[in-house]
Each structure stands twice: as structure tokens, then as C-alpha cells.
Amino acid sequence: MHACVIGAGVIGVTTAWQLARQGWQVTLVDAAAEPASGASHANGGQLSYSYVAPLAEPGVLGDLPKWLLNPNSPLRFRPRCDPLQWRWCLQFLRACNARTASATSAQLLSLAYLSRQMLHDIQQTAPIDFGHARNGKLIAYRTPALLDKARAQVALQAKLGSNQQILDADQLIAQEPALAPARSQLAGAVYTPSEESGDCARFTQGLFQQLAAQSRVTLRMQTPIQRLERRSGRIDRLLTTTGEAIEADQFVVAAGMGSRPLLAALGSRAPLYPLKGYSLSLPCTPEQAPAISVTDYERKTVYANLGGTLRVAAMVGIGVADQGIEADRIALVRRQMRELLPRVDADRAQAWAGYRPATPDGRPRIGRSRAASNLWLNIGHGALGFTLACGSSALLGSLMAGETPAIDAQPFQPAC
Ligand SMILES: Cc1cc2nc3c(=O)[nH]c(=O)nc-3n(C[C@H](O)[C@H](O)[C@H](O)COP(=O)(O)OP(=O)(O)OC[C@H]3O[C@@H](n4cnc5c(N)ncnc54)[C@H](O)[C@@H]3O)c2cc1C
């Protein structure tokens, strides 16, 4: 069987790798010259297997007015005359209820744990050098009241088997000395030792190199796909922008935000909207940057040490459609970085902007498309694509092989 996968971001490359491992002949195509050129390029580097709660949760409704009115808030919303934006936002607000959020969290957790297992399998059998650290994660709180709230949650999760510790400010500095200059700003933290981090682009490129060495895999970069041609309910072939046709038995769309127009041309509405985010990267010494991943909770900013590179990621922009970097937003991330880690020269950090391909409810869509019997989707991983990539691709691989998957596939079943 021959499968053609569209998209060489972390999702498409892990999909191609999984199918090749299962014995498929695979063609992987991407418009860009290099893998991981889209959202997977310079993301936050968090493998947050235990922190997969969707953005759509009841607390958001209370926070929204405050966020929308404050220019320094992590959220920027620009209303547009765009039915896609309004439909997505309404579906997002509808998902902001306790029942949906807790069901989605449980479903994402099962996918995340499968991902962790698959990534560890890869690292054991054919290791990739991507700055992978298994140092845990600190969620640092600035307000004592929020730390107290977290304390209650940690106690609850302990009954469910989670291993997390509450640290006061002194314990936090003892655990992560790089935060010492910010001691007076911090109330404490929740420490989760099992969390991991790494460089998503290096991981994707490493798997891509492994694919390049396989005789049954064809890699077609700089090959933009214009449309999928459907005949009698099946995809016949892909047409590139130069008019060339690519044929296969099965097709997978894993093209991040590029999936939406490809599916729209088949009359199918993918529930995706781009949530813009920013990152800063710069080389760092062990004294300057935290060894453990840190989330600055109130500011919704994450810090990861990717083996000598400090990566800081932040911000959610809705309706901020241009590809550019907004000067005020990136200046704010630099300021926050300077305040938390004054030993780091934030002015030298390289800025990047990317678009999280987000579904309103936070669940990726993985499985057979309704648009054609031989068309499969692996899309919509939003803020968690790196974390969920290996599990999502293993799940899709099982479905495409007609096998019973390791986890319940139903919650991720596409309706498009
Ligand atoms: C600021 C920021 C921080 C983030 N932090 C984290 C984090 O810490 N942890 C985490 O787990 N996730 C994080 N994410 C989310 C994660 O980066 C994404 O979910 C993930 O990269 C999505 O991968 P993808 O392969 O679906 O999309 P992409 O990486 O965008 O890849 C899609 C590919 O498809 C190609 N393509 C599109 N259309 C076509 C076409 N017509 N023809 C051919 N090729 C096409 C594109 O060129 C691209 O290479 C973050 C995202 C952002 C923006």
C-alpha cells in the first residue's frame, strides 16, 4: 500500500514515520524547502504530557473581559468580518463548560500518555538529538491566592495518582537556582517531575533524516499541493501548483493550517483557526537559563532549555492574520523574559511568530475524513502539537491499518 502524506511539520513527519514503520510505501510532500518550517519551527518546546487541559475551560469566561481590555494580556483579539472567525469563537465559547473541558482533558491525557510512550520508544530504538530533557516542569505563581488554588488541585490530583509537589518561593529557588534574581516576584510553584521538553524542529528534522534513509519513502519538498482530486468518493491524486499529479492508494492531510483550504476545496469544513503566538530563542549557559521548564502562570509564558538554547514562548492572537511580528507583542515577551531571567540578554534573542492550528474544543481531528473513503486527517493540534504528535500518528497508523488502536479513537474522529 502506498500512502501520500501532505505536510512535513511535526504531525506530518511523525505520520510518515509511523506509516513507514508499519511497512507502507510513503510519499511525504510539503510546500516548504525544509521540514518544520511552519508552526513546528520554533515553538515552546514543552512536552507537557500532564498539562493538556484545553484552552476552552470555564475559567476563561471570567478572565476574558480582563484579558481583552488589558494591552499587556496574553490574549489579543481582533474581530474581523470573517464568518470562520465568528463560527470558531462561538464554538469555543460553547466548549467553555466544566463537563466538556473535563471530558476533553481526559481524552487528551490518554493521547498524551500514548505520545510519551511512542517518543520514548523512538529515543530507545533510533535516538534523535533534539535537546530532549526529562527534568520536569515548574508552574510558577506570582500570587499567593493562585498558589493556594493550585495546592487544592494538586491534592485532588494526588488522589488520582499524580506525582506533584507544591514549593514555596525558597524551595522553588533551591529547585531552580536560575530563578533566584526573580525571587521577590514569586510566591511558589507546582513541580511536576515527569514533564519533558525538547526542540520540536530538531526532532522533526531528525525523524525526516531517518525517513530519507529508507528506500520505500519518497520526500518531496518545495511541492505545494493545489488540490486533491476526487472521483467516485475516492481521492484519485494530488495536483501540485505546477500541474504535476501525485498518485497513491491512501492520502493523509497533515498540513497544519494549510489543511483548511485543501479540505474546503472538497466542500469540507475543517474546524481550524490560527492562534498566533511568539517565541524568542537565544544561546544560554547553564547559569543563565533554567534547567527545568518553567511556566510563568499569570503571564502564560513558557521557558525551556533546549540543550544550550533558551526558548521562551507566549501570546495568543485571534484574528491577527498577518505573518509579521507585532513590535509591541514581542517587546512585551522580551520585557517579561528580562524580569524573570535578568542574567539573560533578552535583546539578543531571535524572534519568531507561528500559528497554532486550533480546534475550538482543543481536540485534534485524527481519522478518516468524511470527504473521501481513502482520505485521512491528522490536524488541529493547537497548542499541543509537539506533545501529541507521536501518539496522534500512532493512533492514525492503527486506524489506517484497520487495527484496534491503543486508545479510544472516537473523541478524535473527524466530522469533516
Ligand atoms: C508560539 C507557539 C508555541 C507553541 N508551543 C508548543 C509547546 O510548547 N508544546 C507543544 O506541544 N506544542 C506547542 N505549539 C503547538 C505546535 O507547534 C503545533 O501544534 C504543531 O507545530 C502543529 O504541527 P503541524 O505539523 O500540524 O503544522 P505545521 O508545523 O504548521 O506543518 C504544516 C506543514 O504543512 C505544509 N503545508 C501546508 N499547506 C500545504 C500545501 N497546500 N501543500 C504542501 N504543503 C503544505 C506547511 O508548509 C508546513 O510545513 C506551539 C505553537 C506556537 C505557535
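Residues numbered from 1 in each chain as written. Predicted model: local features only at pLDDT ≥ 70, side-chain atom pairs only at ≥ 80, totals over all residues. Heavy atoms only, no water.

Peer 1: Let's hear about helix α3 (residues 83-95): which residues, and what values?
Peer 2: For α3, with 13 residues, the first-to-last C-alpha span of 18 Å sits near the 18 Å given by 1.5 Å per residue. The set of residues buried in α3 consists of Gln85, Trp88, Cys89, Phe92 and Ala95. Projected onto a plane normal to the axis of α3, the buried residues spread over an arc of 120 degrees and lie on a single side. Residues of α3 that are exposed and point more than 90 degrees away from the buried face comprise Pro83, Leu90 and Arg94. (Helix = DSSP H or I, 4+ residues; strand = E, 2+ residues; numbered from the N terminus. Expected span 1.5 Å × (residues − 1). Buried < 20%, exposed > 50% of the residue type's maximum accessible area, 1.4 Å probe, protein only. Arc of directions from axis to C-beta.)

Peer 1: How would you summarise the environment of Val190 if you had to cite specific residues and measurements?
Peer 2: Note that Val190 resides in strand β7 (residues 188-192). Along the primary structure Val190 and Asp168 are separated by 22 residues, whereas in three dimensions their C-alpha atoms are 8.9 Å apart. Those residues in contact with Val190, other than ones at most four positions away along the chain, are Tyr51, Lys137, Leu138, Ile139, Tyr141, Ala150, Val154, Gln164, Gln165 and Ile166. (Contact = heavy atoms within 4.5 Å.)

Peer 1: Can you break down the domain arrangement of the protein chain residue by residue, with the values?
Peer 2: As assigned here, the protein chain comprises domain 1 (2-40 + 202-271 + 363-412) and domain 2 (56-99 + 132-196 + 272-358). Computed from C-alpha atoms alone, the centre-to-centre distance between domain 1 and domain 2 is 29 Å. Counting the surface lost from both domain 1 and domain 2, the interface buries some 1200 Å², and carbon and sulfur atoms represent 63% of this. Per-residue buried area on domain 1 facing domain 2 is highest for Met257, Arg260 and Pro271; these three make up 43% of the total on that side. Where domain 1 packs against domain 2, one counts zero salt bridges. Its residues assigned to classes, the side of domain 1 that touches domain 2 shows six nonpolar, six polar and three charged. (Domains from an automatic or database assignment. Buried area = accessible area lost by both parts, 1.4 Å probe. Salt bridge = Lys/Arg side-chain N within 4 Å of Asp/Glu carboxyl O. Nonpolar A, V, L, I, M, F, W, Y, C, P; charged D, E, K, R; others polar.)

Peer 1: So, the sheet that holds strand β1 (residues 2-6): which residues are in play, and what are the values?
Peer 2: With mixed pairing, the six strands of this open sheet are ordered in space as β9-β2-β1-β13-β20-β19. Looking at the sheet topology across the chains shown, the edges are occupied by β9 (217-220) and β19 (365-368). The sheet shows a mean angle of 15 degrees between the axes of neighbouring strands, direction not considered. In the packing of helix α1 (residues 10-21) onto the sheet, the strands contacted are β1, β2 (25-29), β9, β13 (250-253) and β20 (375-379), and the crossing angle to β2 comes to about 170 degrees. Lying over the sheet, helix α7 (residues 200-212) contacts β2 and β9, oriented at roughly 125 degrees with respect to β9. (Pairing = 2+ DSSP bridges. Axes fitted to C-alpha atoms, helices over the stretch in contact; angles between N-to-C directions.)

Peer 1: Go over the site of the ligand with me, naming the residues and quoting the values.
Peer 2: Lining the immediate surroundings of the ligand are 36 residues, of which Asp30, Ser40, Asn43, Gly382 and Thr387 lie closest. Within the side chain of Ser40, one N or O atom sits 2.5 Å away from an oxygen atom of the ligand. Within the backbone of Leu384, a nitrogen or oxygen atom sits 3.4 Å from an oxygen atom of the ligand. Contact with the protein chains removes 91% of the 1000 Å² of surface that the ligand exposes when unbound. Those elements giving two or more residues to the shell around the ligand turn out to be α1, β14 (273-283), β18 (350-358) and α10 (385-400). With five residues, the top contributor of residues to the shell around the ligand is β18. Each residue belonging to the shell around the ligand can be placed in one class, and the counts come to 17 nonpolar, 17 polar and two charged. Summarising the domain contributions, the shell around the ligand has at least three residues from each of domain 1 (2-40 + 202-271 + 363-412) and domain 2 (56-99 + 132-196 + 272-358). (Near = heavy atom within 4 Å. Polar contact = N/O pair within 3.5 Å; in protein donor to acceptor, adjacent residues only side chain to side chain. Areas by Shrake-Rupley, 256 points an atom, 1.4 Å probe, with all protein chains shown as cover.)

Peer 1: Describe in detail the pattern of salt bridges, supporting the description with residues and values.
Peer 2: Evaluated as defined, the whole model comprises 17 salt bridges. Between Asp63 and Lys66 there is a salt bridge whose closest N-O contact spans 3.1 Å. Within this pair, Asp63 and its partner Lys66 are both found in helix α2 (residues 58-69), separated by three residues, close to a single helical turn. Assessed through its relative accessible area of 25%, Asp63 is described here as partly exposed. A salt bridge links Asp361 to Arg365; its shortest N-O distance comes to 3.1 Å. One network of salt bridges, in which partners are shared, links Arg76, Glu326 and Asp328.

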